[in-house]
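Residue-level structural notes
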Amino acid sequence: MDAGSSEPLEFVHVVFEGSSTGTTTDSLGKFFLETEKNYERVAVSFMGYKSLVFDIEPGKDNQLEVLLQSEETALEEVVVLPDDGPVRRLLQKVQNNLERNNPDNLDSYSYQRYSRWEYQINNVTDRMRNWRIFREAQGAFQYTDDSTRFLPVYFSEQVVSNQYQKEPSRHLSVIEADHTRGLGMLEDSEIAGVTAGLEGGVNIYEPAIRFLGHNFISPLAPNGWFYYDYYLLDSIPTGSGFDHLVRFVPKRKGDNTLRGEMIIEDQFYSVREVEAKLSNTAHLNFIKHLSIKLTYHLVDDSIPFFSDFQLTTVVDYSPIETRKDQRVELKAIQHRNYSNVIIGLEEDVQLSHRNLTYESQRLRNWYGREDSYWDGVRPAELSDQERTFMASIDSVNQLGFVRLLDNIAQMAITGYYDFGKWELGPYDYLLNFNEVQGTHLFLGGRTGRKISEDFSVWGGVGYGTRNKKWIGRVGAGYLFPSSRRTLMKVEYTDDIIQIGENERILLLYENKQHSSESNLLSH
């Protein structure tokens with residue numbers, strides 16, 4: 001922290017002395033640094049402050065309190081390289097307009113967002129391809145341009161309308177459509193409630209970009225020159241001026257930085273496009289590669305806003321060292337497109353309750369939209385490769401073994417085994433023991449989603465071996481089509497219910513582990 005004001009300092013550089021292993025402080029001025037090597041000193045430095053070095057004990061936890069003294073530096077001579085001046089002046093103008101151009105600073109806006117997710121398993125070996133379960137689905141395996149074999153496992157599309165206002169803080173997300181193809185239970189896993197409220201994902205105008213719980217320094221950070229070298233590669237004439245292509249390269253290894261290029265227009269000095277990848281993924285468990293491509297467009301020819309975003313991640317799951325071409329990897333591609341953007345809403349955002357700041361709703365027909373709808377809402381037509389990707393997933397899902405594993409996994413979560421129009425369960429109520437009934441046997445079920453997603457009928461019969469009495473249960477429930485979960489149910493029970501167990505028969509396809517639609521695995 002600052003020794004004079006006691007204010008925390010963000011992005012302070014902390015390294016083991018004599019090495020390139022280091023990190024930077026977070027927004028609270030805190031940092032965590034570890035290594036298997038026996039370094040005995042830690043160096044702390046930050047632009048405009050005096051550097052410090054601390055002794056540490058190798059192999060132990062060391063707690064450091066760092067107070068940095070500011071220093072005034074008088075520059076007697078400044079040497080400017082021939083290509084350094086133009087890019088410095090350009091980036092200074094970007095800094096001068098940073099607050100104006102940052103979409104997160106807008107008072108209110110609305111937009112429609114189309115999102116697509118694609119997951120695939122890379123480096124599929126001959127042994128895996130020849131597994132018995134895949135013998136009847138050899139066509140499911142695909143190949144990249146470099147002949148790497150992969151297996152598509154997940155494809156999802158979603159359309160969400162968002163309204164946002166800063167004061168008072170309100171954010172409304174309405175899920176208009178959701179379409180998912182995935183192996184087994186992935187096809188029914190609900191990601192809509194989790195992803196609907198996500199904003200731009202990455203905003204290059206922010207000083208720190210957060211990936212998986214870690215801050216990475218943006219090339220537009222006020223102190224970016226301390227972490228990056230910038231190069232003006234080209235200036236391309238446009239109808240209103242020039243688009244400047246700038247490359248940014250990390251100064252040091254070990255910093256949480258990016259490496260890439262961005263295009264800056266010189267009318268409002270806003271960023272049109274950024275393409276970059278993380279230069280250091282050592283702090284992100286199992287992440288082998290992470291890259292972004294982000295574009296902005298000018299709303300009303302003057303206000304920058306998100307246009308397209310693509311995030312590509314490669315996760316290395318192999319726990320042991322093997323040949324590089326045999327390591328199983330999961331590649332995930334996320335794409336977002338923003339349209340129908342309106343800046344400055346005429347009316348306040350309306351939520352269902354005055355105390356809410358965020359709410360996610362669904363249209364009545366959000367699930368199961370026709371192909372014609374998706375053809376009209378996609379920003380671009382699906383390529384032949386993407387259609388083959390979906391067809392591969394469908395072919396594997398037709399395998400009997402995959403369907404069996406899927407039903408077992410679903411039963412573990414929902415409590416019911418799915419037979420189509422009827423579901424058997426809940427499984428942990430089939431056989432129980434208590435002091436009154438002795439062995440408690442019960443056979444029950446409920447109607448499946450193929451009959452109705454909003455209406456359910458359930459029931460069952462059982463027998464107690466100690467009291468020698470038959471037991472029964474029958475009921476029905478209806479889920480009202482409203483933004484807030486409203487359920488009406490009627491039930492008759494002739495059974496002994498222990499306190500806390502009267503909800504063990506779950507209604508309307510809820511998650512047995514957490515009976516709430518907001519849960520990732522709820523149905």
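Everything below is about the structure shown above.
First, a word on what this report is: a plain description of the structure on this page.

Rules behind the numbers
- Residues numbered from 1 in each chain as written.
- Predicted model: local features only at pLDDT ≥ 70, side-chain atom pairs only at ≥ 80, totals over all residues.
- Heavy atoms only, no water.
- Pairing = 2+ DSSP bridges.
- Helix = DSSP H or I, 4+ residues; strand = E, 2+ residues; numbered from the N terminus.
- Axes fitted to C-alpha atoms, helices over the stretch in contact; angles between N-to-C directions.
- Buried < 20%, exposed > 50% of the residue type's maximum accessible area, 1.4 Å probe, protein only.
- Contact = heavy atoms within 4.5 Å.
- Salt bridge = Lys/Arg side-chain N within 4 Å of Asp/Glu carboxyl O.

As a further point, take the sheet that holds strand β2 (residues 22–24). The four strands lie next to each other as β2-β1-β3-β4, forming an open sheet whose pairing is antiparallel. Edge strands, defined here as strands with exactly one partner in the open sheet, are β2 and β4 (52–55). The mean inter-strand angle of the sheet, taken between neighbouring strand axes irrespective of direction, is 20°. In this sheet, β4 lies alongside strand β3 (residues 41–45) in antiparallel orientation, the contact comprising four bridges. Bridge assignment links Ala43 to a residue of β4, and that residue is Val53.

Here we take up the side chain of His179. Residue position: His179 is located in strand β8 (residues 170–182). The exposure class assigned to His179 is buried, which follows from its relative accessible area of 19%. Every residue in contact with His179, bar those within four places of it in the chain, is listed here: Phe155, Ser156, Glu157 and Trp374.

A word on the environment of Ile408. Among the structural elements, Ile408 can be located in helix α7 (residues 400–414). Sequence separation between Ile408 and Asp418 is ten residues; the distance between their C-alpha atoms is 8.8 Å.

On inspection of all chains with the given rule, the structure shows 16 salt bridges. With its nearest N and O atoms 2.5 Å apart, the salt bridge here joins Glu329 to Lys288. Of this pair, Glu329 sits in strand β17 (residues 329–343) while Lys288 is found in strand β15 (residues 287–299), placing the two residues 41 residues apart along the sequence. Classification of Glu329 as buried rests on a relative accessible area of 7%. What makes Lys288 partly exposed here is its relative accessible area of 40%.

Fair warning: the whole summary comes from geometry, so function is off the table for now.
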